[in-house]
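# Report on the structure
Chain by chain, the residues run as shown.
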Amino acid sequence: GMIYMRQKRVQEAKASFEQGIAINPDIEYRKYLFLARLHMDEGDKDAAMPLLRKAIEIFPDAPETAELLAEIVGD
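Since the model is a prediction, treat every value here as computed from it, not as a measurement.

## Description of the overall build of the protein
- Across its full length, the protein carries five helices and zero strands.
- For the protein, the α and β elements follow one another from N to C terminus as α-α-α-α-α.
- The C-alpha radius of gyration of the protein comes to 11 Å, within 12% of the 11 Å expected for a compact globule of 75 residues.
- Over its C-alpha atoms, taken along the principal directions, the protein stretches across nearly 30 × 25 × 20 Å.
- A buried classification covers 32% of the 75 residues belonging to the protein.
- Put simply, of all contacts in the protein between residues at least 6 apart along the chain, 42% involve residues at least 24 apart.
- Computed over 10 positive and 14 negative side-chain charges, the separation of the two mean positions in the protein equals 4 Å.

So, in structure tokens, the structure goes:
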């Protein structure tokens, strides 16, 4: 997913993160965070919020989650 993100291949990145999450829902929090970021970049807060909540559940003290949450709530 990260390689696809760097290449700006958004749909492939989303599919990769979604597949990783489907295989292991308790996967490292950044998979949820990166997928939430892709949805936010498309303006889809409704899709981003549950992913962000899961990232916060897995690692509540991650600074990236607080930043994205502020972006979602602040708009």
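## A short note on the packing of helix α4 (residues 45-58) against helix α5 (residues 63-74)
- The N-to-C vectors of α4 and α5 enclose an angle of 150°; their axes lie 10 Å apart at closest approach. In terms of axis orientation, α4 runs roughly antiparallel to α5. In this structure, α4 meets α5 at a crossing whose hand is left-handed. Note on element contacts: α5 touches α4 through Thr-65, Leu-68, Leu-69 and Ile-72, opposite Lys-45, Ala-48, Met-49, Leu-52, Ala-55 and Ile-56.

## Some thoughts on the confidence of the model for the protein
- Predicted confidence across the protein gives a mean pLDDT of 89, with 99% of residues reaching 70 or more.
- The lowest-confidence element of the protein is α5, averaging 81 in pLDDT; the highest-confidence one is helix α2 (residues 10-23), averaging 94.

Cut-offs used in this document
- Residues numbered from 1 in each chain as written.
- Predicted model: local features only at pLDDT ≥ 70, side-chain atom pairs only at ≥ 80, totals over all residues.
- Heavy atoms only, no water.
- Helix = DSSP H or I, 4+ residues; strand = E, 2+ residues; numbered from the N terminus.
- Rg over C-alpha atoms; globule rule 2.2 N^0.38 Å.
- Buried < 20%, exposed > 50% of the residue type's maximum accessible area, 1.4 Å probe, protein only.
- Contact = heavy atoms within 4.5 Å.
- Lys, Arg positive; Asp, Glu negative; His and termini not counted.
- Charge placed at Lys NZ, Arg CZ, Asp CG, Glu CD.
- Axes fitted to C-alpha atoms, helices over the stretch in contact; angles between N-to-C directions.
- Parallel < 35°, antiparallel > 145°, perpendicular 65-115°, else oblique.
- Left-handed = near helix turned anticlockwise from the far one by under 90°.
- pLDDT = per-residue confidence, 0-100.

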